[in-house]
Amino acid sequence: MEEVNTETIPAPPPLLERRIRQRQPTVSVLKSKLKRSVTCSGPRVRSILSGFFPVVRWLPKYKLREYVWGDLMSGMIVGIILVPQAIAYCLLAGVEPIYGLYTSFYANIIYFLMGTSRHVSVGIFSLMSLMVGQVVDREMFLAGFDLNEESVSPSPGMFNGSLGINVSVGGEHTVELMGLQCGKACYAISIAAALTFLAGIYQVMMAVFRLGFVSVYLSAPMLDGFATGASFTILTVQAKYLLGLKIPRHQGYGTVVVTWINIFANIHKTNLCDLITSALCISILLAGKEIQERYKDRLKIPLPTELIVVTGATLASHYGELNSHYGSSVSGHIPTGFIPPQVPSFGLMPRVALDAIPLAVISFAFTVSLSEMFAKKNGYTVRPNQEMLAIGFCNIIPSFFHCFTTSAALAKTMVKDSTGCQTQVSSLISALVVLLVLLFFAPFFHSLQKCVLACIIIVSLRGALRKFKDVPAKWRASRIDAVVWLVTMSATALISVELGLLVGIVFSMTCIIFKTQNPKVSLLGQANDSDLYEDMEEYKNLVPPPRVKIFRFQAPLYYANKDSFLKSLYKVVGVEPFLEKTKRRKAEKKAKEMSMKQAKANGDANNGEVVVGLVAREVDFHTIILDCSAIPFIDSTGMATFKGLVKEYEEIGVRLVLASCNTSLIDVLQKGQFFGKNDIDMSSLLFHTVHAAVLQANCLAKTAAERSDHSSE
C-alpha cells in the first residue's frame, strides 16, 4: 500500500504585495517643520529674500545683447497702448484719469520686482475697473453725492488729506473723512484705495495660508461666461458716453436692463457731436484691429491705433472747442507729477470688506492662469504662491499712492509676447513710458472727449463678446460646460457682477455634484475569452460570463450618491435582495398553506415540510463583481453600503466581491474592517483584476456543484 504524502504545498507568494509605510507622528512632523521655518542663517535669509524678490535671481543673469531689444520694443509698445487705456478705464472705475496712470506706473514696477512670469503685463483691467466702479458709485450715492453732476477736477492739494487742507469748491458737497472734509473726487479715490488695500491683504493672506486652491473652483467655462457677462455690462455702462447722455450709473441689481431703459428714455437728449465722434472713433479702431489681425504675420509691431485716435481726437476737440460750442464732455484737467502718499481710510474698510473678496479672487485667478499659460508656451515655470504675493503687493502698496485694483491683462500680455518680450524688464520700460506722460504730457489730454475713451473700452471688448459665436461649439463639445457658461454669463449681465460670480461658482459645482449623483453605470462583458472586460452597451461582440454579473460604477461613492448607486446596481443585475427575500417569504408562506391543506386532505403530516423545501428558488447568477476601477474614493457611507450589499446578497445565495480597487480605496475598507478582523476575508472579497474575480467565482461555483452532486448520490 502506497504511503500518502501529507506534506502541504506552500502557497505561492502574491503577485502584488503592499509596501509597509511608517508614518511619523503628526506632532513630530509639525515640530520639524516649525524648526526648519524658524531656523535663521545667512543662506536661509538670502534664499527667503531671493524668493520674495525673484528679480535678484534673474537680473544678474540678464543677457543684455540677446534680451534688450525685445524687452525695449515690447515695453514701449505696451506703454503706448497702456496710456490711453489707463485714462479710459478710469471711466469704469469712477475716478479721475490721473489715478489710472498712477495705477499703471506702480503696478508695473512692483511686479517687475516680485513677479515670476516673464511675459505677464499687470495693470489696469476692464473687469477689475468695472467692479471697483460699482462699489465706488454705491458708496458715493450713500454718502449723498450727486452722480449726475460733472466732477470738478481738483487741484493737487485736494487729494492729500494729510496736508490738513479743507477745500470746498463752489458749495460742493463734502463728507468728513479721517477728520477732514473730502469732496467728490477725493471720496471716490478714497473708496477705491480702501477697497484695493483690502483686496491686496486678502491675496497676501491667501498666499501665506496656501489658499491658492480656491482658484480650482473657478472653472474655465465659468470664468469665460463671467468675463463675457461682465463685458456686456461694461458695454452697457459705456453706451451713455457714446451718445453724450448724462445718466447716473444704476445702483443695485439689473444694471444692464435699467441702464438700457434709461438710455432709450433719454435718447432725444443725444449729443450729436459725441455721437459723430464715437462713430468715427469706433470705425477707425475696428479697422485698425481688423488690419492687425489680417496682416499680423507681416506687421512686426502692433498698430498703435488707440494712441492715434486719442491724439487726433484730442487735437480736434481742443482746436474745435467741442466742449464750449457743443457741450461735449471732456476728461478735464490732468495734473502732472505725483501726489504725496496717504494711508487708506480704515473707516471705509468695513463698508467694502465683502466687496474686496471677489476682487481678490478674480484678480488672483486671472493673474495665475495667464502666468501659467504663457510660461507653458515659452518653456519655463512660475510659482503660483509667489504670483499671489506679487499681485497682492501690487494692490497693497499702490493703495497708499491713490491707486485702484490691478490684475494681469490678457490683451497686453499677448502684445508683450508677440513683440519679443524676454523678461520683466519690459514692464520697467512700460512704467517709464507712463512716467513720461505723468511728468510732461498729462495736461495735453485735457480736451480729450469721454466718448473717445468709451470707444477705446468698447472696442477692447471684442474678444470677450465674440465668445457668443463659440456657444454652438461648446454645446457640441460638452453640454454641461455650455450650460455653465450661459448661466454664469446671464447672471453676471442681468443681475450683477458679484452675484454672477457667486451664481457661476455654485452652479458649476452643482453640475459636478449632479454628475456624480447620476454617473454612467455599465454591465460588463468578456471579449473573446480574453482577460478584457468592457461595457456591453458601448462595444460589440462581448459575452457576459456565465452566471456572473460584472457591474461598473463610474463615480466616487459617497453619502450623496449612495441611493443612486444602489438603484443602478439593482436595475442592472435585475435582483434586489430585499424584494427577493420578500418574494421568497410570500412563496414559502403560500406553499406552506397549500401543503398544510393538502396534508389535512391526505392525512400526511410530513408533506408540508417537503413542499416548503421545494419552494426555494435560485437566481440566474451566483456572483456579482463590482469593478471599482472607476471609483476614485469612498467615504464611510460608501463603505457601509458595500458591507450591507455583501450581507444582503449572501442571504439569497449570491456572492459579492470587489475588483480593481485603488490603494486609497483598499485602505478605507481595511480601516472600516470590511474584510473582517485582521483582514481575514480579504483574499475572498478583493481581487486585483476583474478576470481574476471571474475565474475565482467560476471555480467556487464548480466546486459547489460537484459537492452538490456527491451529496445527492
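Provided above is the structure to which this section pertains.
What counts and how
- Residues numbered from 1 in each chain as written.
- Predicted model: local features only at pLDDT ≥ 70, side-chain atom pairs only at ≥ 80, totals over all residues.
- Heavy atoms only, no water.
- Helix = DSSP H or I, 4+ residues; strand = E, 2+ residues; numbered from the N terminus.
- Rg over C-alpha atoms; globule rule 2.2 N^0.38 Å.
- Buried < 20%, exposed > 50% of the residue type's maximum accessible area, 1.4 Å probe, protein only.
- Contact = heavy atoms within 4.5 Å.
- Expected span 1.5 Å × (residues − 1).
- Core = buried A, V, L, I, M, F, W, Y, C linked by side-chain atoms within 4.5 Å.
- Axes fitted to C-alpha atoms, helices over the stretch in contact; angles between N-to-C directions.
- Parallel < 35°, antiparallel > 145°, perpendicular 65-115°, else oblique.
- Left-handed = near helix turned anticlockwise from the far one by under 90°.

Q: Would you mind going over the overall build of the protein chain with me for this structure?
A: On a plain count of helices and strands, the protein chain comes out with 29 helices and 11 strands. Taking 713 residues into account, the globule formula puts the C-alpha radius of gyration at 27 Å, and the protein chain, at 36 Å, lies well above it. In terms of principal-axis extent, the alpha carbons of the protein chain reach across some 125 × 65 × 60 Å. Classification of the 713 residues of the protein chain by burial places 47% in the buried group. Of the contacts made within the protein chain by residues no fewer than 6 positions apart, 80% connect residues no fewer than 24 positions apart.

Q: Help me understand helix α15 (residues 384-399), please; the structure alone is not making it clear to me.
A: An α-helical turn contains 3.6 residues, so a residue and the one three or four places further along point in the same direction. A rise of 1.5 Å per residue sets the reference length of α15, with its 16 residues, at 22 Å; its end C-alpha atoms lie 23 Å apart and thus fit the reference within 8%. Along α15, 12 of the 16 residues are buried, which leaves the element largely enclosed by surrounding structure. Along α15, the positions that sit buried rather than exposed are Q386, E387, M388, L389, A390, I391, G392, C394, N395, I396, P398 and S399. Residues of α15 that are buried sit in contact with α2 (42-52), α5 (97-114), β1 (122-123), α7 (184-208), α14 (356-378) and β4 (407-408).

Q: How should I be thinking about the nonpolar core in this particular structure?
A: Generally speaking, nonpolar side chains in soluble globular proteins are found buried as a group. The biggest cluster of nonpolar side chains holds 105 residues, and the ones touching the most others in it are V95, L101, L127, Y187 and F404. For this core, the element with the most residues is α7, which contributes 14 residues. Those residues in contact with V95 that sit more than four places away from it in its chain are C90, A188, I189, A192 and F404. Membership of the second largest hydrophobic core comes to 34 residues, among which are L569, V573, C628 and I652.

Q: What am I meant to see in the packing of helix α23 (residues 562-573) against helix α26 (residues 636-651) here?
A: What describes two packed helices is the angle between their axes and the distance between those same axes. Contact geometry for α23 and α26: axes closest at 10 Å, N-to-C directions at 30°. Compared by their axis directions, α23 and α26 come out roughly parallel. Both α23 and α26 take part in a crossing whose hand is right-handed. Each of K562, F565, L566, L569, Y570 and V573 in α23 lies in contact with α26, whose residues at this interface are T637, T641, F642, L645, E648 and Y649.

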